[in-house]
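Okay, here's what each chain looks like letter by letter:
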Amino acid sequence: MNRSYRWATEKGGGLEHVELDCGDAGVTAEGVLIGPAGGRLFACSYALRCDERWQVRSLDVHVAGQGTVCLRADGAGNWTDADGTSLVIHAAPDDYRTDPSGNSGARIACGAFRAR
């Protein structure tokens, strides 16, 4: 089953469009959001994939002009980066220019995260 949905915020200014693909192997939702947030305009796209038991297996989010995050789950509540490495949380935002850590400050947490 493939479906398309589109809706706007009640007060206007925001819009979301999502394409759903549901089948025996699970569900995929791919969408785009645009609108204002905190006095600024934003746009992002996302892809959410669930397995046949509807457990989230991957989430990719791209915010225009800001960057991308890709997360993967093993179905048992353990989350890693898209390439299977541990996630690293830094004290400050990544500047997307400086290698290797994006001038984002000290590491405040790292590892494979597990949902409770």
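Residues numbered from 1 in each chain as written. Predicted model: local features only at pLDDT ≥ 70, side-chain atom pairs only at ≥ 80, totals over all residues. Heavy atoms only, no water.

**Q** Would you mind going over the layout of surface pockets with me for this structure?
**A** One simple way to see leftover space: roll a probe sized like a water molecule over the atoms. The computed volume of the largest pocket comes to approximately 660 Å³. Counting residues per element, the ones that place at least two in the lining of the largest pocket are β5 (56-63), β6 (67-73) and β8 (87-90). No other element matches β6, which puts five residues into the lining of the largest pocket. Taken together, the residues that form the lining of the largest pocket break down as twelve nonpolar, eight polar and three charged. (1 Å grid on protein atoms, 1.4 Å probe; cavity = no way out; pocket = protein on both sides within 12 Å on 5 of 7 lines; lining within 4 Å. Points joined across faces, edges and corners; volume = space filled by probe spheres on them. Helix = DSSP H or I, 4+ residues; strand = E, 2+ residues; numbered from the N terminus. Nonpolar A, V, L, I, M, F, W, Y, C, P; charged D, E, K, R; others polar.)

**Q** Is there a simple way to think about the pairing of strand β2 (residues 15-23) in this case?
**A** Note on strand geometry: in a regular strand, side chains alternate between the two faces of the sheet. Relative to β2, strand β1 (residues 2-8) runs antiparallel, the two sharing seven bridges. What sits directly across from Trp 7, in β2, is Glu 16. By the bridge criterion, nine bridges tie β2 to strand β3 (residues 26-37) in an arrangement that is antiparallel. Across the sheet, Leu 20 pairs through a bridge with Ala 29, a residue of β3. With antiparallel pairing between neighbouring strands as the criterion, β2 and β3 make up a hairpin whose turn holds two residues. (Pairing = 2+ DSSP bridges.)

**Q** What exactly am I supposed to notice about the environment of Leu 41 here?
**A** Relative to the elements of secondary structure, Leu 41 occurs in strand β4 (residues 40-50). When its relative accessible area of 74% is taken as the criterion, Leu 41 is described as exposed. As for Leu 41 and Arg 57, which are separated by 16 residues in sequence, their C-alpha atoms are 30 Å apart. Once residues within four sequence positions are removed from consideration, Leu 41 is found in contact with Gly 35 and Pro 36. (Buried < 20%, exposed > 50% of the residue type's maximum accessible area, 1.4 Å probe, protein only. Contact = heavy atoms within 4.5 Å.)

**Q** I'm lost on unusual backbone geometry in this one. Help?
**A** Trans peptide bonds make up most of the peptide bonds, and negative phi angles are found at most residues other than glycine. For Trp 54, which is not glycine, the phi torsion reads 65 degrees and is therefore positive. Along the chain, the position of Trp 54 falls in the loop between β4 and β5. The class for Trp 54 is exposed, based on a relative accessible area of 58%. Positive phi is not limited to glycine here, since Asn 103 has a value of about 55 degrees. Residue position: Asn 103 is located in the loop between β8 and β9 (107-111). You can call Asn 103 exposed: its relative accessible area is 57%.

**Q** What should I look at first to understand the pattern of salt bridges in this one?
**A** Any two side chains of opposite charge can pair, so long as their charged atoms come close to each other. Evaluated as defined, the whole model comprises five salt bridges. Measuring nitrogen to oxygen at the nearest pair gives 3.3 Å for the salt bridge that ties Arg 57 to Asp 51. Here Asp 60 makes a salt bridge to Arg 72, at a shortest N to O gap of 2.6 Å. With Asp 60 in strand β5 and Arg 72 in strand β6, the pair connects residues that are twelve residues apart, well separated along the chain. Looking at Asp 60, the relative accessible area reads 19%, which means it is buried. (Salt bridge = Lys/Arg side-chain N within 4 Å of Asp/Glu carboxyl O.)

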